[in-house]
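What the coordinates show
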Amino acid sequence: MPNPKKKHSRSRRDLRRSANSKLEAVTTVICSNCGAPRLPHNVCPKCGFYDGKLIVEVKAKKEKKTQPSA
């Protein structure tokens with residue numbers, strides 16, 4: 001098995017290792033019911049639909065009442 005003739009610097013070693021550590025964007029699809037982005041093959045977190053059917057009942061958020069500042 002071949003051996004290196006000279007020692008590679010830390011910089012060369014780390015540059016080689018960092019070439020494979022790219023971040024990839026998460027794949028999303030558009031919900032057919034509400035149009036929100038969601039993960040593929042998962043229930044929509046906004047409306048609770050999957051494959052055109054209601055799977056999970058999603059609770060509506062309560063709106064905060066704002067008091068007029070006088």
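See the structure printed just above.
Below is a summary of the structure that appears in this document.

**Quick notes on the overall build of the chain**
When its secondary structure is counted, the chain shows one helix and four strands. Counted from the first residue to the last, the chain has its helices and strands arranged as α-β-β-β-β. Radius of gyration (C-alpha) of the chain: 25 Å, far over the 11 Å computed for a compact globule of 70 residues. Taking the principal axes of the C-alpha coordinates as reference, the chain spans close to 75 × 45 × 15 Å. Residues classed as buried in the chain amount to 9% of the 70 residues present. Within the chain, the 5 negative side-chain charges are centred at a point lying 15 Å from the centre of the 17 positive side-chain charges.

**Looking at unusual backbone geometry**
Backbone geometry places His 41, a non-glycine residue, at a positive phi of 65°. Following the sequence through the fold, His 41 ends up in the loop between strand 2 (37-38) and strand 3 (49-50).

**Focus: the state of the cysteines**
In total, this model carries zero disulfides according to the counting rule given. No disulfide involves Cys 31; its sulfur sits 3.7 Å from that of Cys 47, the nearest cysteine. Residue Cys 31 is classed as buried on the basis of its relative accessible area of 5%. With no disulfide of its own, Cys 44 lies 3.6 Å from the sulfur of Cys 47, the closest cysteine sulfur. What makes Cys 44 buried here is its relative accessible area of 2%.

**A look at the side chain of Arg 38**
Considering the arrangement of structural elements, one finds Arg 38 in strand 2. No salt bridge is formed by the buried Arg 38. Its closest oppositely charged neighbour is Asp 51, at 7.6 Å. A distance of 2.9 Å separates a polar side-chain atom of Arg 38 from the backbone oxygen of Asn 42. Not counting residues within four places of it along the chain, the set of residues in contact with Arg 38 comprises Thr 28, Val 29, Cys 31, Cys 44 and Pro 45.

**Let's talk about the environment of Lys 7**
Along the chain, Lys 7 falls in the segment before helix 1 (10-18). The exposed category is assigned to Lys 7, whose relative accessible area is 81%. Remark: the alpha-carbon pair of Lys 7 and Leu 39, spanning 32 residues in sequence, is separated by 46 Å.

What counts, and at which threshold
- Residues numbered from 1 in each chain as written.
- Predicted model: local features only at pLDDT ≥ 70, side-chain atom pairs only at ≥ 80, totals over all residues.
- Heavy atoms only, no water.
- Helix = DSSP H or I, 4+ residues; strand = E, 2+ residues; numbered from the N terminus.
- Rg over C-alpha atoms; globule rule 2.2 N^0.38 Å.
- Buried < 20%, exposed > 50% of the residue type's maximum accessible area, 1.4 Å probe, protein only.
- Lys, Arg positive; Asp, Glu negative; His and termini not counted.
- Charge placed at Lys NZ, Arg CZ, Asp CG, Glu CD.
- Disulfide = S-S within 2.5 Å.
- Salt bridge = Lys/Arg side-chain N within 4 Å of Asp/Glu carboxyl O.
- Polar contact = N/O pair within 3.5 Å; in protein donor to acceptor, adjacent residues only side chain to side chain.
- Contact = heavy atoms within 4.5 Å.

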